[in-house]
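Close look at the chain arrangement
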Amino acid sequence: MKGSNGTRRGPVAAPPGFRVRRELMDAERIARALTRIAHQIVERPRDAQGLVLVGVRTRGVPLARRLARLVAQAGAPTPPVGALDITLYRDDLTTVAPQPVLRGTEFPGSIDGRTVVLVDDVLYTGRTVRAALDEIIDFGRPARIKLAALVDRGHRELPICPDYVGQTITTSREEIVQVLLEEEDREDRVLLLEKAPAATPRRPARSGPKKRGRRP
């Protein structure tokens, strides 16, 4: 297997208890999806005007930076890029970690009156986006907030819909969508993971009754 820079990579390490079911996107398909999103943003002058891209940590940040470059290549001014750490805004904080690691939120100046496009890798229940919206509103009053997601896997629990999406797929709640990016993982891939079957314990071989020899 080769990464996006042509070097050979080893097999992807799936989370414990899961295995790779299939590959959803390779490096080329990810690049095409981001290019399409960038052009869609530029084609909407209202969105492109005063645009700020804000990535949700972790993998939303490199995606936002890539989109900024692609927006510039599509003919619009290069938008500033920010990073959002939603850890303290999550409603499931007690399930994250006893002492969650904070990586910081960074806004590139004021967002008042600007168009903020929130960028995330996977859109699932919508609770991550809700937490991100809470934090953005705490930092300013943008004119509008839009959502861009590389993958929309469904199962929404809140009335949230992406304005820009790279790929929409159907999944079960037992499956995981794993996004790998060159900046974080040394390769670009999107994988669908499923639960690995439980290993069946081997039964010890049964030894038959020992045959007794006849007495002389």
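Summarised in this report is the structure supplied together with it. (Residues numbered from 1 in each chain as written. Predicted model: local features only at pLDDT ≥ 70, side-chain atom pairs only at ≥ 80, totals over all residues. Heavy atoms only, no water.)

**A few points about the overall build of the protein chain**
For the protein chain, the helix and strand inventory stands at five helices and eight strands. Mapped from its N terminus to its C terminus, the protein chain presents α and β elements in the order β-α-α-β-α-β-β-α-β-β-β-α-β. The 216 residues of the protein chain split such that 39% are buried. At a minimum sequence separation of 6, the contacts of the protein chain that also span at least 24 residues come to 69%. When the accessible surface of the protein chain is summed, it comes to about 13100 Å², and 49% of that surface belongs to carbon and sulfur atoms. (Helix = DSSP H or I, 4+ residues; strand = E, 2+ residues; numbered from the N terminus. Buried < 20%, exposed > 50% of the residue type's maximum accessible area, 1.4 Å probe, protein only. Contact = heavy atoms within 4.5 Å. Areas by Shrake-Rupley, 256 points an atom, 1.4 Å probe, with all protein chains shown as cover.)

**Some words on the sheet that holds strand β3 (residues 81–84)**
The strand order β3-β2-β4-β5-β6 describes an open sheet built from five strands, whose pairing is parallel. For this open sheet the edge positions go to β3 and β6 (164–168), each flanked by a neighbour on one side alone. Along the sheet, successive strands turn relative to each other by an average axial angle of 25°, direction set aside. In this structure, strand β2 (residues 51–56) lies alongside β3, joined through four bridges in parallel fashion. (Pairing = 2+ DSSP bridges. Axes fitted to C-alpha atoms, helices over the stretch in contact; angles between N-to-C directions.)

**Side note on the sheet that holds strand β7 (residues 176–180)**
Spatially, β1-β8-β7 is the arrangement adopted by the three strands of the open sheet, whose pairing is antiparallel. Each edge of the sheet is formed by a strand with only one pairing partner; in this case those strands are β1 (18–25) and β7. Pairs of neighbouring strands in the sheet enclose a mean axial angle of 30°, with direction left out of account. In terms of strand pairing, β1 meets strand β8 (residues 189–195) through six bridges, oriented antiparallel. Pairing of valine 20 across the sheet is with leucine 193, part of β8. Against the sheet, helix α1 (residues 27–42) makes contact with β1, β7 and β8, and its axis sits at roughly 55° relative to β1, the strand it touches most.

**Topic: the nonpolar core**
Grouped together as the largest cluster of nonpolar side chains are 30 residues, with contacts concentrated most on Met25, Leu53, Val119, Leu150, Val177 and Val190. Looking at this core, the elements with two or more residues in it are β1, α1, β2, α3 (60–73), β4 (115–123), β5 (144–152), β7 and β8. By size, the runner-up hydrophobic cluster in this structure holds 17 residues, among which are Val56, Ile86, Ile111 and Ala132. (Core = buried A, V, L, I, M, F, W, Y, C linked by side-chain atoms within 4.5 Å.)

**Notes on α1**
In a regular helix each residue adds 1.5 Å, so 16 residues correspond to 22 Å; α1 covers 23 Å between its end C-alpha atoms and thus fits that length. All of the buried residues along α1 are Ile30, Ala33, Leu34, Ile37, Ala38 and Ile41. With its buried residues spanning 135° around the axis, α1 presents them on a single face. (Expected span 1.5 Å × (residues − 1). Arc of directions from axis to C-beta.)

**Section: helix α4 (residues 127–139)**
Its 13 residues place the ends of α4 19 Å apart at the C-alpha level, agreeing with the 18 Å of an ideal helix rising 1.5 Å per residue. Among all positions in α4, only Val129, Ala131, Ala132, Glu135 and Ile136 are buried. The buried residues of α4 occupy one face: seen down the axis, they fall within an arc of 160°. Opposite its buried face, α4 presents the exposed residues Ile137 and Asp138, each directed more than 90 degrees away. Structurally, α4 contributes buried residues whose contacts are with β2, β3, β4 and β5.

**Some remarks on unusual backbone geometry**
For the peptide bond that leads from arginine 57 to threonine 58, omega is 20°, which places it in the cis range. Locating threonine 58 in the fold gives a position in the loop between β2 and α3. Its identity is not glycine, yet histidine 155 carries a phi of approximately 65°, on the positive side. In this structure, histidine 155 sits in the loop between β5 and β6.

**Describing the packing of aromatic side chains**
Under the definition given, this model contains one aromatic pair. For the pair phenylalanine 107 and phenylalanine 139, a centre-to-centre distance of 4.6 Å together with 40° between the ring planes defines the contact as tilted. With phenylalanine 107 in the loop between β3 and β4 and phenylalanine 139 in helix α4, this residue pair connects regions lying 32 residues apart in the sequence. By relative accessible area, phenylalanine 139 is classed as partly exposed at 47%. The ring of tyrosine 124 carries arginine 153 above its face, with NZ or CZ at 4.0 Å from the centroid. (Phe/Tyr/Trp six-rings, centres within 6.5 Å; stacked < 30°, edge-to-face > 60°. Lys NZ or Arg CZ within 6 Å of the ring centre and 35° of its normal.)

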